[in-house]
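Now for the letters of each chain:
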Amino acid sequence: MSWHPQYRSSKFRHVYGKAASKDKCYDCVPITRNVHDNHFCAVNPHFIAVVTECAGGGAFLVIPIHQTGKLDPHYPKICGHKGNVLDIKWNPFNDFVIASCSEDATVKIWDIPKHLLTRNITSPKKELLGHVRRVGLIEWHPTANNILFSSGYDYKIMIWNLDTKEAVISNPVKVLDAHKDVVLSMSFNTDGSLLATACRDRKIRLIDPRGGTVLQEASYKSHRVNKVLFLGNVNKLFSTGTSRWNNRQIALWDQNDLSVPLLEEDLDGSSGLLFPFYDSDTHMLYVVGKGDGNIRYYEISPEKPYLNYLMEYRSHLPQKGIGMMPKRGLEVSACEIFRFYKLIPTKSLIEPISMIVPRRSESYQEDIYPLTTGTQPSLTAQEWLNGVNKGPLLVSLRPGSGTVNALPQFLEPEPVMKTTDLSQHQGGRMPLEDMQKPSETEDSRKQLKVEEKLLKNEQMCLSNGFDIFECPPPKTENELLQMFYRQQEEIRRLRELVNQRDVQIKQLELELRNLCMDTGSY
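Thresholds applied
- Residues numbered from 1 in each chain as written.
- Predicted model: local features only at pLDDT ≥ 70, side-chain atom pairs only at ≥ 80, totals over all residues.
- Heavy atoms only, no water.
- Buried < 20%, exposed > 50% of the residue type's maximum accessible area, 1.4 Å probe, protein only.
- Helix = DSSP H or I, 4+ residues; strand = E, 2+ residues; numbered from the N terminus.
- Pairing = 2+ DSSP bridges.
- 1 Å grid on protein atoms, 1.4 Å probe; cavity = no way out; pocket = protein on both sides within 12 Å on 5 of 7 lines; lining within 4 Å.
- Points joined across faces, edges and corners; volume = space filled by probe spheres on them.
- Nonpolar A, V, L, I, M, F, W, Y, C, P; charged D, E, K, R; others polar.
- Axes fitted to C-alpha atoms, helices over the stretch in contact; angles between N-to-C directions.
- Lys, Arg positive; Asp, Glu negative; His and termini not counted.
- Salt bridge = Lys/Arg side-chain N within 4 Å of Asp/Glu carboxyl O.
- Contact = heavy atoms within 4.5 Å.
- pLDDT = per-residue confidence, 0-100.
- Phe/Tyr/Trp six-rings, centres within 6.5 Å; stacked < 30°, edge-to-face > 60°.

Student: Can you break down the pairing of strand β10 (residues 106-111) residue by residue, with the values?
Tutor: Counting buried residues along β10, 5 of its 6 residues qualify, which places the element largely inside the surrounding structure. Pairing of strand β9 (residues 97-102) with β10 involves 5 bridges; the strand directions are antiparallel. Each residue of the ladder has a partner; that of A99, found in β10, is I109. Between β9 and β10, which follow one another and run antiparallel, lie 3 residues, and A105 among them has a positive phi close to 70°. Strand direction decides the pairing type here: β10 and strand β11 (residues 126-129), joined by 4 bridges, are antiparallel. By the bridge assignment, T106 is partnered in β11 with L129.

Okay, structure coming up:
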């Protein structure tokens, strides 16, 4: 029987978006009217920060994440900038430190108190002075502590080391001047060793940030890029922009060959920008439209067609900006895999939108929550500047689990217990107690052999990972199709494991190389 499924087998095929109820939204928030193409919102498990309107300078609000409802019109602001605030980003390793950049050509670092704000904060912890024109973008390094990237309208990207006692830093550790126009977007790969940029000259560049050299450059004329994004460890880039006919367009690129995109697709004829977000844990890609209420989401696969459309969340309320909650702040008991914070300036409202995998069980779903990036840096600022690369330290989202892992831990089958000679565990020597009781050791060996036989018998009852007593061979066409789906899912899972093993091998090789370099330097 030849039969081809009309859809892909995926655990995220039925993901849906759920907007929060009115009492869980943030109301009466004076959202900025600035037309700059940025998110204007930054979120972590403790606070939500949003750029706001302010007379005579720039300001933003920092609201405790659980303080929903109507906001006091006299709520304190962070207002130390002399021009409009253009971008804000939380430190990924400290939930009480936030960076902001402004039209006044400065970048400021702020300490947010753990208690409720009672008055405006006007003096920053650090001030970075180096750009000569307004600063439009900032990005924290994903694995190194206290490394910040800033991009300005002087066409330069500056790298700052904040591991100093100075309150005012005027000399960046590195200046990247490979661009001939304004940088519109910056994105790091997983370990922060590569930087992808989108520029107003319509080119995508892949840059070694420490060396300052351009490794790859895309000048594909039919795709005018606005935003670019690294897709985790799959060696691909994703970009949003416009086509020759001014249609909104998405494109997928091979990291090692940016001459022609792997995939190019027109979405619609709207004029708003498209913001991409990627979840490397679930391999899901979200595309959020500015000026409309739509959130499209896809699943990334390592093989063709690479980009698999899943669904679209629609709303009649247009969004001006969007914030994203880190994975460690999600509600795992509700099977929430992503959460957006949608800025709706027409209603002065911030609306949380949860992306949920429908599951009946209320227990922890380990298959949709693999190990994810934690709050500990894997490198110091100086180590990264010296050339060391390390992947992020990972944590489990299981409630009550806070174990940090230096490298991804992949699922492995449990080893079958084998009968081994007890003397091998003792380096050729048998303990005195075992020598005095040979009959007891023989009994234990017999018991282990019996257990091993039982385990082999249990394994004989398994076919392709399924218990033939629990799931007998299919008798009808419908049962055969169900078995086919299960086998396809098993094949897909095994392919993912193989890909993850390859990534782990590469990371271990990098670790060994870095260790050799460290020992050689000493």
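Student: Explain the layout of surface pockets to me, using residue names and the numbers behind them.
Tutor: A volume near 610 Å³ is recorded for the second largest pocket. In this structure, the second largest pocket is lined by 22 residues; those nearest its centre are K24, E331, E336, R339 and S354. At the level of elements, β1 (16-19), β30 (336-344) and β31 (349-356) are the ones that each hand at least two residues to the lining of the second largest pocket. Residue composition of the lining of the second largest pocket, by class: 12 nonpolar, 5 polar and 5 charged.

Student: Go over the sheet that holds strand β28 (residues 307-313), please, and point to the residues and values.
Tutor: Read from one edge of the open sheet, 4 strands run β25-β26-β27-β28, paired in antiparallel fashion. For this open sheet the edge positions go to β25 (274-279) and β28, each flanked by a neighbour on one side alone. Direction aside, neighbouring strands of the sheet carry axes that sit 25° apart on average.

Student: Provide a residue-level description of the side chain of K77, including the pertinent values.
Tutor: Along the chain, the position of K77 falls in the loop between β6 (69-70) and β7 (78-81). Of the side chains with opposite charge, D72 comes closest to the buried, unpaired K77, at an N-O distance of 9.3 Å. Look past the residues within four positions of K77 in its chain and what remains in contact with it is T52, E53, A59, F60, L61, N120 and I121.

Student: Before we move on, can you summarise the confidence of the model for the chain with the specific residues and values?
Tutor: Taken as a whole, the chain shows an average pLDDT of 84; of its residues, 83% reach a score of 70 or greater. Taking the mean pLDDT of every element in the chain, the minimum, 37, falls on helix α2 (residues 422-425) and the maximum, 97, on strand β3 (residues 41-43). Every residue in residues 1-6 is under pLDDT 50, and counting partners more than four places away or in other chains gives 7 contacts. In the model, residues 403-442 has pLDDT below 50 throughout and makes 45 contacts with residues more than four positions away in sequence or in other chains.

Student: Would you mind going over the packing of aromatic side chains in detail, with residue names and values included?
Tutor: Describing an aromatic ring pair means giving the distance of the ring centres and the angle of the ring planes. Per the counting criterion, the structure on display carries 14 aromatic pairs. Arranged with centres 4.8 Å apart and planes meeting at 85°, the rings of F149 and F188 form a pair that is edge-to-face. Here F149, found in strand β13 (residues 147-152), pairs with F188, found in strand β17 (residues 183-188); they are 39 residues apart in sequence, far enough to count as distant. Of the two residues examined, F149 and F188, each falls in the buried class. Consider the rings of Y298 and Y309, whose centres lie 5.6 Å apart with planes at 70°: the pair is edge-to-face. Here the residue Y298 occupies a position in strand β27 (residues 295-300), and Y309 occupies one in strand β28, the gap between them amounting to 11 residues. On the basis of relative accessibility, which here comes to 3%, the residue Y298 falls in the buried class.

Student: Mind laying out empty space enclosed by the protein, listing which residues take part and the relevant values?
Tutor: Space left empty within the atom packing is revealed by a probe, the size of a water molecule, rolled over the atoms. One pass over the full model with this rule turns up 1 cavity of 30 Å³ or more. The computed volume of the largest cavity comes to approximately 30 Å³. In terms of lining, the largest cavity is formed by F47, V62, P64, Y75, I112, P113, H115, L116 and L117. Looking at side-chain class alone, the lining of the largest cavity contains 8 nonpolar, 1 polar and no charged residues.

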